[in-house]
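Structural characterization, general
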Amino acid sequence: MDKSTREELRTHLVERRSELIREGDLRADPNRVDPSEQADEDEQPLNEMQQAIISRRNKVRSQELAGIDAALRRLKEEPDEYGRCVDCDEWIPLGRLKLLPWAQRCVQCESEHSGGSPTGHRRRHARDFID
Ligand SMILES: [Zn+2]
């Protein structure tokens, strides 16, 4: 990978990072409601569901941030190794890195890595398959 491509990806990482930080944690406090509409018992299950959704989103977000930090660290400390799959040592295709500059694995290793997730049905995005 040449230096200007690396620089382009680094810029993308930095921008994405500040975007995530700007978003902040989504409010995960369902009890802060308008006092004029007192929550009655029936609303509780809905609130719990919303809270579960929000906390999952925050989790995804913090994982993405951690990935971005790792990628930026790698770019700084071992720039020549940036873009190499951490599992199989092959180069991650540039098309994938341009979409996911924080990717640490090639598509194949990524699917093996996440295949054993506890939920068993991880949602797939089309971009996971870009090669
Ligand atoms: Zn790999």
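Data block above holds the structure.
Here the structure is a predicted model, which is why all the values come from computation and not from measurement.

Focus on the coordination of the zinc ion
The protein atoms that coordinate the zinc ion are C85 (SG), C88 (SG), C106 (SG) and C109 (SG), at distances spanning 2.2 to 2.3 Å. Because the angles between the 4 donor atoms bound to the zinc ion fall within 101 to 120°, the donor set is best described as tetrahedral. Read in sequence order, the donor residues coordinating the zinc ion give the pattern C-x2-C-x17-C-x2-C. Pair noted here: C88 is in the loop between α2 (44–77) and α3 (94–99) and C109 is in helix α4 (residues 107–115), with a separation of 21 residues, a long-range link. With a relative accessible area of 31%, C88 lands in the partly exposed category.

Regarding empty space enclosed by the protein
Under the criterion given, the structure shown has 2 cavities of 30 Å³ or more. Roughly 40 Å³ of internal volume is contained in the second largest cavity. If you trace the second largest cavity, you find it lined by A71, R74, Y82, G83, P101, W102, A103 and Q104. Taken together, the residues of the lining of the second largest cavity sort by class into 5 nonpolar, 2 polar and 1 charged.

Topic: a nonpolar patch on the surface
On the surface, L46, M49 and I53 cluster together to form a nonpolar patch covering roughly 270 Å² of accessible area. Tracing the chain through its elements places L46 in helix α2. Of the residues examined, L46 reaches a relative accessible area of 45% and is grouped as partly exposed.

Things to note about the packing of helix α1 (residues 3–23) against α2
One way to put it is that α1 packs onto α2 with a least axis distance of 10 Å and a crossing angle of 150°. Relative to α2, the crossing made by α1 is left-handed. Each of R6, R10, L13, V14, R16, R17, L20, I21 and E23 in α1 lies in contact with α2, whose residues at this interface are R61, E64, L65, I68, D69, A71, L72 and L75. A per-class count over the contact of α1 with α2 returns 9 nonpolar, no polar and 8 charged.

Calculation criteria
Residues numbered from 1 in each chain as written. Predicted model: local features only at pLDDT ≥ 70, side-chain atom pairs only at ≥ 80, totals over all residues. Heavy atoms only, no water. Donors = N, O, S within 2.8 Å, 3.2 Å for Na, K, Ca; no water. Tetrahedral: all angles 85-135°; square planar, octahedral: opposite > 155°, others 65-115°. Helix = DSSP H or I, 4+ residues; strand = E, 2+ residues; numbered from the N terminus. Buried < 20%, exposed > 50% of the residue type's maximum accessible area, 1.4 Å probe, protein only. 1 Å grid on protein atoms, 1.4 Å probe; cavity = no way out; pocket = protein on both sides within 12 Å on 5 of 7 lines; lining within 4 Å. Points joined across faces, edges and corners; volume = space filled by probe spheres on them. Nonpolar A, V, L, I, M, F, W, Y, C, P; charged D, E, K, R; others polar. Patch = residues over 30% accessible without salt bridge, like charges linked within 9 Å, V, L, I, M, F, W, Y side chains within 5 Å. Areas by Shrake-Rupley, 256 points an atom, 1.4 Å probe, with all protein chains shown as cover. Salt bridge = Lys/Arg side-chain N within 4 Å of Asp/Glu carboxyl O. Axes fitted to C-alpha atoms, helices over the stretch in contact; angles between N-to-C directions. Left-handed = near helix turned anticlockwise from the far one by under 90°. Contact = heavy atoms within 4.5 Å.

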